[in-house]
Amino acid sequence: MGAGQLTIDLKAIQRNWSALDALSADTVETGAVVKADGYGLSARKVATHLAESGVQTFFVATAEEGAEIRGAVGDNADIFVFSGHMPQDTTLLKTHGLIAVLNAPEQVTRHFSDAAGYPFGVQLDTGMSRLGMEPGDWQALSTELMLAGPRLVMSHMACADDADHPMNAQQLRAFHDLTDGIASRRSLSATGGILLGPEYHFEVTRPGIGLYGGFPFETAKTVVQLDVPVIQTRVVQPFQTVGYGCTWDAKVESCIATIAAGYADGLIRAMGGKAQVFAGTTPCPVVGRVSMDLITVDVTGLDQVPDHLTVLGPDQSIDDLAGAADTIGYEILTSLGARYQRHYA
Ligand SMILES: *Cc1c(COP(=O)(O)O)cnc(C)c1O
């Protein structure tokens, strides 16, 4: 077996959803964000599992992603598309009953002309300057939009994973100013916002990363385990170098294990020389550069080199690994490669 084994615990995702759901009042609906193929873990499998346990509202980035999960969630679930109504989307939106979240006046015009009578949501920009209508656009269009009855009016927070950031209260204030009194359900919070407290919850929440076990949901259950087979071990002598560029050399006689995954599998090159992997519960440093298909690990001191080393699991979260590569858990998850053998538990 030459491939890494990626085990994805769908029950842990379901439990993480329930734990996040329990943080808001019963009147608040907790949705689930399954964009980017369910943060790399299979949108269809994640959505099927969550729909079976009662989740009714799903969020994706594109209409294509929405179409991909429609069969999995059943006809009655709401699927919101964050990118809204793009020029080629009309047929997909209509065929699969997807709800475009309109982000700009051009999208409103397109939707009302090409999909009049079809449901829609609205995103407002409250300071992130990424997606969503500017306050001026909203002022000009809100009467017309509210008459048509959006299924959701939402905004997105820029700094919600930092509870002390002043931007949080600022965006909350802006969202209130733009939407207080409207006759529509509202949504402001992703995972970070849910953790900020009830005043951020409104009627619908949109957790993504917390479902998959990532920061800032610190008490999340572990969702992914990645075990990578050891292909070869060798003993290297002092001054002998390991890997491309000869960036690491042995200080003492050392045992090096070469494992069957590399940056083409999402174990990004920036973690070379900084990450560790695990033999059971024993950490072993990654040494030298990460190659496309291979990583070299210093296993000196293990009594016995196991047949695989664990890259992600109970002892190393996606955020731990992300730290070694100067990135975030989201990028580790969505980079997990296509060569792994995936097991769903
Ligand atoms: C990705 C995304 C979410 C989910 O965010 P997490 O931080 O993963 O919980 C929610 N809303 C919007 C608009 C998003 O783009």
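In this text, all values refer to a predicted model and were calculated from it rather than measured experimentally.

What counts and how
Residues numbered from 1 in each chain as written. Predicted model: local features only at pLDDT ≥ 70, side-chain atom pairs only at ≥ 80, totals over all residues. Heavy atoms only, no water. Helix = DSSP H or I, 4+ residues; strand = E, 2+ residues; numbered from the N terminus. Buried < 20%, exposed > 50% of the residue type's maximum accessible area, 1.4 Å probe, protein only. Areas by Shrake-Rupley, 256 points an atom, 1.4 Å probe, with all protein chains shown as cover. Arc of directions from axis to C-beta. Contact = heavy atoms within 4.5 Å. Pairing = 2+ DSSP bridges. Core = buried A, V, L, I, M, F, W, Y, C linked by side-chain atoms within 4.5 Å. Domains from an automatic or database assignment. Disulfide = S-S within 2.5 Å. Phe/Tyr/Trp six-rings, centres within 6.5 Å; stacked < 30°, edge-to-face > 60°. Right-handed = clockwise from strand over helix to strand, strands pointing away. 1 Å grid on protein atoms, 1.4 Å probe; cavity = no way out; pocket = protein on both sides within 12 Å on 5 of 7 lines; lining within 4 Å. Points joined across faces, edges and corners; volume = space filled by probe spheres on them. Nonpolar A, V, L, I, M, F, W, Y, C, P; charged D, E, K, R; others polar. Buried area = accessible area lost by both parts, 1.4 Å probe. Salt bridge = Lys/Arg side-chain N within 4 Å of Asp/Glu carboxyl O. Polar contact = N/O pair within 3.5 Å; in protein donor to acceptor, adjacent residues only side chain to side chain.

**A few points about the overall build of the chain**
Here's step 1: Looking only at helices and strands, the chain features 11 helices and 19 strands.
Here's step 2: Principal-axis analysis of the C-alpha atoms places the extent of the chain at approximately 75 × 40 × 35 Å.
Here's step 3: Each of the 345 residues in the chain was classed as buried or not, and the buried ones make up 50%.
Here's step 4: When the accessible surface of the chain is totalled, it reaches about 15,200 Å², and 51% of it is carbon and sulfur.

**A short note on helix α6 (residues 105–114)**
Here's step 1: Along α6, the residues classified as buried are Gln107, Val108 and His111. Projected onto a plane normal to the axis of α6, the buried residues spread over an arc of 100 degrees and lie on a single side. Residues Glu106, Thr109 and Ser113 are exposed on α6 and point more than 90 degrees away from its buried face.
Here's step 2: In this structure, the buried residues of α6 make contact with β6 (99–102), β7 (120–123) and α7 (135–148).

**Some details on the side chain of Asp265**
Here's step 1: Looking at the secondary structure, you find Asp265 in the loop between β14 (254–259) and β15 (276–279).
Here's step 2: Leaving out residues up to four positions away in the same chain, Asp265 has contacts with Met292, Asp293, Ser335, Leu336, Gly337, Arg339 and Tyr340.

**Focus on the sheet that holds strand β4 (residues 57–60)**
Here's step 1: Sheet architecture is open: 7 strands sit in the order β3-β4-β5-β6-β7-β8-β9, paired in parallel fashion. At either end of the open sheet lies a strand with only one pairing partner, and these are β3 (32–33) and β9 (186–187).
Here's step 2: Where strand β5 (residues 78–81) and β6 come together, 2 bridges link them in parallel fashion. Directly across from Val81, in β6, lies its bridge partner Ala100.

**A short note on the nonpolar core**
Here's step 1: In this structure, Ile13 and Phe58 are the most contacted members of the largest nonpolar core, which totals 87 residues.
Here's step 2: Looking at this core element by element, the count peaks at 5 residues for helix α1 (residues 10–21).
Here's step 3: Summarising the domain contributions, this core has at least three residues from each of domain 1 (10–212) and domain 2 (224–344).
Here's step 4: Among all residues touching Ile13, those that are not within four sequence positions of it are Ile8, Leu41, Val46, Leu50, Leu211, Tyr212 and Val223.
Here's step 5: One finds Ala160, Leu172, Leu196 and Tyr200 within the second-largest nonpolar core, a separate group that totals 8 residues.

**Brief notes about the state of the cysteines**
Here's step 1: Enumeration over the complete set of coordinates arrives at 0 disulfides.
Here's step 2: Free cysteine Cys246: the closest other cysteine sulfur is in Cys255, separated by 19 Å.

**Remarks on the packing of aromatic side chains**
Aromatic rings considered in pairs are described by the distance between their centres and by the relative angle of their planes.
Here's step 1: With the rule as written, the count across this model stands at 6 aromatic pairs.
Here's step 2: Measuring from centroid to centroid gives 5.4 Å for Phe59 and Phe82, while their planes differ by 15 degrees, and the two rings are stacked. Here the residue Phe59 occupies a position in strand β4, and Phe82 occupies one in the loop between β5 and α5 (90–96), the gap between them amounting to 23 residues.
Here's step 3: The exposure class assigned to Phe59 is buried, which follows from its relative accessible area of 0%.
Here's step 4: On the accessibility criterion, Phe82 (12% relative accessible area) is buried.
Here's step 5: Taken together, a centroid distance of 5.5 Å and an interplanar angle of 70 degrees make the contact between Phe112 and Phe120 edge-to-face.

**Focus: the pairing of β5**
Each regular strand displays side chains that alternate between the two surfaces of the sheet.
Here's step 1: Covered by surrounding structure in β5 are Asp78 and Phe80 together with Ile79 and Val81, the residues of both alternating faces.
Here's step 2: Summarising the sheet, β4 and β5 pair through 4 bridges and their orientation is parallel. Note that in β5 the partner of Phe59 across the bridge is Phe80.
Here's step 3: Where the polypeptide runs from β4 across helix α4 (residues 63–73) and back to β5, its parallel neighbour, the crossover connection is right-handed.
Here's step 4: In this view, the connection linking β5 to its parallel neighbour β6 by way of α5 has right-handed handedness.

**A look at empty space enclosed by the protein**
Here's step 1: Summed over the entire model, instances satisfying the criterion amount to 2 cavities of 30 Å³ or more.
Here's step 2: Contributing to the lining of the largest cavity are Leu267, Met271, Ala275, Gln276, Val277, Val286, Ile295, Val311 and Leu321.
Here's step 3: Each residue belonging to the lining of the largest cavity can be placed in one class, and the counts come to 8 nonpolar, 1 polar and no charged.
Here's step 4: As for the second largest cavity, its lining consists of Gln123, Leu124, Asp125, Met128, Arg130, Leu131, Ser155 and His156.
Here's step 5: Looking at side-chain class alone, the lining of the second largest cavity contains 3 nonpolar, 3 polar and 2 charged residues.

**Concerning the domain arrangement of the chain**
Here's step 1: Here the chain is partitioned into domain 1 (10–212) and domain 2 (224–344).
Here's step 2: The C-alpha centroid of domain 2 is placed 37 Å from the C-alpha centroid of domain 1.
Here's step 3: Both sides together, the interface formed by domain 1 and domain 2 hides about 800 Å², and carbon and sulfur atoms give 73% of it.
Here's step 4: Taken together, the links from domain 1 to domain 2 amount to 0 salt bridges.
Here's step 5: The tally of links between domain 1 and domain 2 comes to 2 residue pairs in polar contact (both at pLDDT 80 or more).
Here's step 6: Per-class residue counts for the side of domain 1 that touches domain 2 are 6 nonpolar, 2 polar and 1 charged.

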